[in-house]
Amino acid sequence: MNKTILVTGGAGYIGSHTCKALAARGYTPVTLDNLSNGHEWAVKWGPLVKGDTGDRALLDDVFARYRPSGVIHFAAFIEVGVSVREPGSFYRNNACSTLNVLEAMRAHGCERFVFSSTAAVYGTPRQVPITEDHPQWPINPYGWSKFMVERMLEDFGRAHGTRFCALRYFNAAGADPEGEIGEAHDPESHLIPLVLRAAKDPARSISIFGTDYDTPDGTCVRDYIHVCDLADAHIRALQFLEDHGPAAVNLGTGAGNSVKEIIDAARAVTGLPIEPVIGPRRPGDPARLVADRALAGELLGWTPQHLDIRETIAHAWAWMNR
Ligand code: UDP
C-alpha cells in the first residue's frame, strides 16, 4: 500500500498534529486546506495544496497527481454557536463537501477514509461514560452535519465498499510537546486556551459557564484528550482499514475534568493567579461528557499516553509562550 495520504484540513489544529505523526511513521501527508481556519506555517511535513474540498475539479487533480492510498478528512467548520446561526454553511462545508470527497475517492479507486467525527453526534447523553452504541440525537447543526456524514459513510461502505473509520473526538487539548505546532483558533472559544490567555493577560477574564450543574463542584465535566493521542489514533485507524472496517469509535481519556479543575490545574502549571468570573450556563451544555474508550482500545489498539491534565495544559502553555 503506498504511503501517500491526503489530509484535508491538514493545516488545522488536529490535522497538523496528525501530519507530523504521519511523517514520523514514514507516510507522506498531502494537505488540502483552504486556509480559512488553518495556517500555512502549520504545514511542515508534506506538500500543501491550497483549495477547497467543495471544488471537485481540484479534488480530481489532487487524486490524479498524488494517488493517495487513503484520506484523513478534517476539513470542516467547528464552531457550534456559528452552526446555530449559519446552519447552511455547516451543511454545505461539512456534509456536501464531504460527499464531494467521497465521490472523488470512488472515481479514483481510493478506499480508506478516516473521518474526524465528534462526541456531538450523541447530543445530550443519557448515561456516561458514553459508549458508541449510545443513541445519537445531536442538539445543534454542527453535530447534525457530522452525523449526516457518518450515515453517508455507512451507505458508501455498503454500496461501494468504501472502508471508513469515524473517530468521535471528545475535547481535544494540548499541543505538540516539541513546540512545533499547537492550537491557534481565531476567535478562540475553547476552555483551556481561554484560561491560559486569562493567566497571561489579567485584562482578559475567563467566565465559568454555570456552577449549578449536577456534578461534584457544580461545573461542567469534559473529557480532555491530548491532541497527540488523537493524532496517533488516526494513524492506527488508517492501518486498521488496510484489512478491517467499517468502525466508529470514541476518542477520549475516559476520565473527566470539571471547569474548576481545569482552572486549578492551569494555576498550578502557570504559577499565576487566575480569577474566573461566574457566568450563566451556556445553552446546550450537558453536565458531563466522558468517553468510554474501550472500543478504540479493542479495534485500534489505542491507549492514550497523556493522561495527566497538568501535562496537557503545560504543553498548551509552552505553545502559547513559544
Ligand atoms: N467553558 C467555560 N468558559 C468558557 C469556555 C468554556 O466555562 O469561556 C466551559 C463549557 O461550558 C464546557 C467546557 O468549558 O463545559 C468546555 O468547553 P469548550 O468550548 O472548550 O468545549 P465543548 O465542550 O463545548 O466542546
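Here, every reference points to the structure presented above.
Remember, it's a predicted structure, so these values are computed and weren't measured experimentally.

The next thing to look at is the site of the ligand. Around the ligand sit 15 residues, and of these Leu 191, Ser 207, Phe 209, Arg 282 and Asp 285 come closest. Measuring from an oxygen atom of the ligand, one finds a side-chain N or O atom of Asn 171 at 3.0 Å. Interatomic distance of 3.4 Å between a backbone N/O atom of Ser 189 and an oxygen atom of the ligand. Burial of the ligand by the protein amounts to 86% of the accessible area it has alone, namely 510 Å². The set of elements that each furnish at least two residues to the shell around the ligand consists of helix H6 (191–200) and strand E8 (207–209). Among the elements that make up the shell around the ligand, the one with the highest residue count is E8 (three residues). When the residues that make up the shell around the ligand are grouped by side-chain class, the tally is eight nonpolar, four polar and three charged.

Another point: the sheet that holds strand E5 (residues 112–118). If you trace the seven strands from one edge of the open sheet to the other, you get E3-E2-E1-E4-E5-E6-E11, paired in parallel fashion. Only two strands of the sheet have a single partner each, and these edge strands are strand E3 (48–50) and strand E11 (247–251). Adjacent strand axes in the sheet meet at a mean angle of 20° when their direction is disregarded. Across five bridges, strand E6 (residues 163–169) lies against E11 in parallel orientation. Looking at E11, one finds that Leu 167 is bridged to Val 249. Across the sheet, helix H2 (residues 56–66) touches strand E1 (4–8), strand E2 (28–33), E3 and strand E4 (70–73), and the angle it forms with E3 is around 160°. Each of E5, E6 and E11 touches helix H5 (residues 141–160); the most contacted strand, E5, lies at about 155° to it.

What counts and what doesn't
- Residues numbered from 1 in each chain as written.
- Predicted model: local features only at pLDDT ≥ 70, side-chain atom pairs only at ≥ 80, totals over all residues.
- Heavy atoms only, no water.
- Near = heavy atom within 4 Å.
- Polar contact = N/O pair within 3.5 Å; in protein donor to acceptor, adjacent residues only side chain to side chain.
- Areas by Shrake-Rupley, 256 points an atom, 1.4 Å probe, with all protein chains shown as cover.
- Helix = DSSP H or I, 4+ residues; strand = E, 2+ residues; numbered from the N terminus.
- Nonpolar A, V, L, I, M, F, W, Y, C, P; charged D, E, K, R; others polar.
- Pairing = 2+ DSSP bridges.
- Axes fitted to C-alpha atoms, helices over the stretch in contact; angles between N-to-C directions.
- Contact = heavy atoms within 4.5 Å.

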